[in-house]
Amino acid sequence: MSGLKEFYLRHPDRSWLLIICVVFLAIFGRGLWFPAEIMDDVLYINLNRKLDFTWANVVYWWKTPILDLHSPLQMYSYMLDRLIWGEQYFVFGCHLQNYLWHLIAVFSLFMIGRELGMRRAFAGVSALIFAIHPQRIESTVWLSERKDVLVLAFAMLSIWIFLRNLNNKFRMMQIIPPLLMLASLLSKPMAILLPLIILAILWHIRRNWDWRYYLRHLWPFLLVGLIYMAVKSTMVENYAKIAISGAEPMSIRLAIIANNFGNYFFKTIYPYSLFPVYPFYNPLLDTLWPGIAFGLVVASSFGYFLARKKYNFAVFDLLPLLICFVAALVPVVGIIRVGNTDFADRYSYFAAAFIWIFVGFVFQWLWDNFVAYRRLMAGAVTVYVLIIGIYSINYLSCWQSGRDHMEASLDHPAPNFRIAFLAGIEAFHEKDFARIQYVCDEMLKIYPHYPENRRQAIEAYRLCMKGMTLFAMNRENEGIVFLNKLILTPRVIYMRDFAFGFPKDVMQEAARYHLSRGNKELAALVLNNIAANYERLIKLDFYFYKGMSAYVVDDFKTAEHFFSLAAEENPDDENVRHNLENTRKKLK
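Report follows, based on the coordinates.

Criteria and cut-off values
- Residues numbered from 1 in each chain as written.
- Predicted model: local features only at pLDDT ≥ 70, side-chain atom pairs only at ≥ 80, totals over all residues.
- Heavy atoms only, no water.
- Helix = DSSP H or I, 4+ residues; strand = E, 2+ residues; numbered from the N terminus.
- Rg over C-alpha atoms; globule rule 2.2 N^0.38 Å.
- Buried < 20%, exposed > 50% of the residue type's maximum accessible area, 1.4 Å probe, protein only.
- Contact = heavy atoms within 4.5 Å.
- Expected span 1.5 Å × (residues − 1).
- Phe/Tyr/Trp six-rings, centres within 6.5 Å; stacked < 30°, edge-to-face > 60°.
- Lys NZ or Arg CZ within 6 Å of the ring centre and 35° of its normal.
- Salt bridge = Lys/Arg side-chain N within 4 Å of Asp/Glu carboxyl O.
- Axes fitted to C-alpha atoms, helices over the stretch in contact; angles between N-to-C directions.
- Parallel < 35°, antiparallel > 145°, perpendicular 65-115°, else oblique.
- Left-handed = near helix turned anticlockwise from the far one by under 90°.
- Nonpolar A, V, L, I, M, F, W, Y, C, P; charged D, E, K, R; others polar.
- Core = buried A, V, L, I, M, F, W, Y, C linked by side-chain atoms within 4.5 Å.

Structural notes on the overall build of the protein chain
Right, on to step 1. What the protein chain contains, in helices and strands, is 28 helices and zero strands.
Right, on to step 2. Over its C-alpha trace the protein chain gives a radius of gyration of 26 Å, about what one expects of a compact globule, namely 25 Å for 588 residues.
Right, on to step 3. Going through the 588 residues of the protein chain one by one, you find that 52% of them count as buried.
Right, on to step 4. Within the protein chain, contacts between residues separated by at least 24 positions form 70% of all contacts whose residues are at least 6 apart in sequence.

A closer look at helix α9 (residues 146-164)
Right, on to step 1. Taking 1.5 Å per residue, 19 residues should reach 27 Å; α9 reaches 27 Å between its end C-alpha atoms and fits that length.
Right, on to step 2. α9 sits mainly inside the fold: 18 of its 19 residues count as buried.

Focus: the packing of aromatic side chains
Right, on to step 1. Tallying each qualifying case throughout the model produces 45 aromatic pairs.
Right, on to step 2. With 6.0 Å between their ring centres and 65° between their planes, Phe-275 and Tyr-278 make a pair best called edge-to-face.
Right, on to step 3. Exposure remark for Tyr-278: the relative accessible area of 3% places this residue in the buried category.
Right, on to step 4. Aromatic side chains Tyr-395 and Trp-399 sit 6.4 Å apart centroid to centroid with 85° between the ring planes, which places their arrangement in the edge-to-face category.
Right, on to step 5. Classification of Tyr-395 by relative accessible area gives buried; the value is 9%.
Right, on to step 6. In this structure Trp-399 comes out as buried when scored by relative accessible area, which is 1%.
Right, on to step 7. Connected via pairs of aromatic rings, a cluster forms that spans Phe-261, Tyr-264, Phe-265, Phe-266, Phe-294 and Phe-325.
Right, on to step 8. Just above the ring of Tyr-213 sits the side chain of Arg-206; from NZ or CZ to the centre is 3.7 Å.
Right, on to step 9. Looking at Arg-454, its charged tip hangs above the ring of Phe-280, at a distance of 3.9 Å from the centre.

Notes on the pattern of salt bridges
Right, on to step 1. Evaluation of the coordinates by the stated rule reveals 20 salt bridges.
Right, on to step 2. A salt bridge links Asp-148 to Lys-188, with the shortest nitrogen-to-oxygen separation between them at 2.5 Å. In this pair, Asp-148 sits in helix α9 while Lys-188 sits in the loop between α10 (171-185) and α11 (194-206), placing the two residues 40 residues apart along the sequence.
Right, on to step 3. When its relative accessible area of 1% is taken as the criterion, Asp-148 is described as buried.
Right, on to step 4. Across the pair Asp-554 and Lys-520 runs a salt bridge, and its minimum N-O distance is 3.5 Å. On the criterion of sequence distance, the pair formed by Asp-554 in the loop between α26 (539-551) and α27 (556-569) and Lys-520 in helix α25 (residues 520-534) is long-range, its members being 34 residues apart.
Right, on to step 5. We classify Asp-554 as partly exposed; its relative accessible area is 44%.

Brief notes about the packing of α9 against helix α17 (residues 350-369)
Right, on to step 1. Where α9 contacts α17, the axes come no closer than 10 Å and their chain directions differ by 45°. As the angle between them shows, α9 and α17 are arranged oblique. Our pair here, α9 against α17, has a crossing hand that is right-handed. Contact residues: α9 offers Leu-152, Ala-155, Met-156 and Ile-159, while α17 offers Phe-350, Ala-353 and Phe-354.
Right, on to step 2. Taken together, the residues of the contact of α9 with α17 sort by class into seven nonpolar, no polar and no charged.

Some points on the nonpolar core
For soluble globular proteins, nonpolar side chains are generally found buried alongside one another.
Right, on to step 1. In this structure, Ile-159, Ile-197 and Phe-350 are the most contacted members of the largest nonpolar core, which totals 180 residues.
Right, on to step 2. Residue contributions to this core peak at 14 residues, all from α9.
Right, on to step 3. If we skip the residues at most four places from it in the chain, Ile-197 touches Ile-159, Cys-324, Ala-327, Ala-328, Phe-350 and Phe-354.

Looking at helix α24 (residues 502-516)
Right, on to step 1. The terminal C-alpha atoms of α24, which comprises 15 residues, lie 21 Å apart, in line with the 21 Å expected from a rise of 1.5 Å per residue.
Right, on to step 2. Check the buried side of α24 and you find it contacts α20 (417-429), α22 (452-472), α23 (476-487) and α25.
Right, on to step 3. Directly after α24, the chain includes Gly-518, whose backbone phi takes a positive value near 80°.

Overview of the packing of helix α16 (residues 311-329) against α17
Right, on to step 1. Between α16 and α17, whose axes approach to 7 Å, the crossing angle comes to 160°. Taken together, the axis directions place α16 and α17 in an arrangement best described as roughly antiparallel. Contacts between α16 and α17 involve Leu-318, Leu-321, Cys-324, Phe-325, Ala-328 and Leu-329 from the former and Phe-350, Ala-351, Phe-354, Ile-355 and Phe-358 from the latter.
Right, on to step 2. Of the residues belonging to the contact of α16 with α17, the class tally is 11 nonpolar, no polar and no charged.

Here it is, written out as structure tokens:
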């Protein structure tokens, strides 16, 4: 024990890092062996040749988004995993790198607390709670969410190095934080408001209105943000269109925004009602109380300190905290739709870092001013850490396989319709037709407040399930009626959420049906729709099905062009080589 005490006294910061690592791995460690089979993993992880560390792949991922999100550093990090661990231990290596980036973010949070004046023990406890909180599980355990751990690690490192070198006149150290901000943006654009966060922190430190000082320190960050938005002008334009679109009534949009702020704040304090994939906001099932309660907490906090004439605390302590929290969370609260749920804690754990920094300062103040209650406070914190740890151990089980992930997400009166569709697909493969009927009738409901695009998506999934069920029951002539309403209409675009796997099988069945009856043009249209599904996801399949759509109508020159492009993507693919050889024979 004396040796440990001596090590702590000589290396206190390293000691806290070791403590956090040990506790984190004790709770999260089994996640290192979880398979890569959850939803988007097939798009990010199972890309085979595209993750080989080659210059061609580096260029490819610099140019190519996945699911409309351009995050080249995420893809480069997977390439590094493949290079280091090989094929056999690739998934383990991916999990390990996720954990390493998370721990870098946690240690940066610890050091930010220290730079702001928090004593070591309080900064350590705050960082520990942040590290093992159940809200961290999705971003750390789900391999597709590598972008979340990357963006937070780079953003928190940027803030820490900025604060550490605030008065350092060595220019190189002043360049590093903006470059780290750029790295975070190349992982995910969540940190686009990092300049505002740093401004709020400077405001807290300086406690004055010296705007020249702030501008002198912030202009490199502002320049990085402006250059990024200029380069990504198309993405910014699309987000702006979404933000002002009338897809949902303004009352629903405002309720989503308020609830996101409220639920995120209160779930950070206690993680209630966590879901691997959240349902969409539903005014028939979701209460407005979290948003209202959050507003009351903010208003009463400012009101209390202003009433007691503690203006400096309200302006230079509370206000910067609120700005940091809002700026970190606002990209995903619902002003624009950024994914397939309405709930912000699915897409960011940046904002929680500032809550725990503030909690650390509050606990430090209580410790200093209520000496008689120190044992009680220490006991309460210990119990809280144990509760959070146990909750994380239980919630981690929801992520140990694709099936567990799906079952946990379905445990809701109105589950996310995409997860419900996955449940229907599973029932189809098990030939559980009664279950499919239940999914269509009970899980794929259309609620009155749903916008038109969501209604069309749900109807597309229903048609898909009903048509394929009839095909499986050898009632193809009835089934094709449902499938034609899907694959030969604009609704087919909604199958792009699941371009891999089952929807492809659906359209292949429809193409086969039309070919067997001599309807080459309809078969070609269906195959072209399959290709369109892959256009922004997997180039190999896009080129392959474009070639197939040309081949079935005897347009062999076009077919050769696309099969050749597919062969360039993967020369080892037997189907591609076979079709390319056959096409060239036809041209002779």
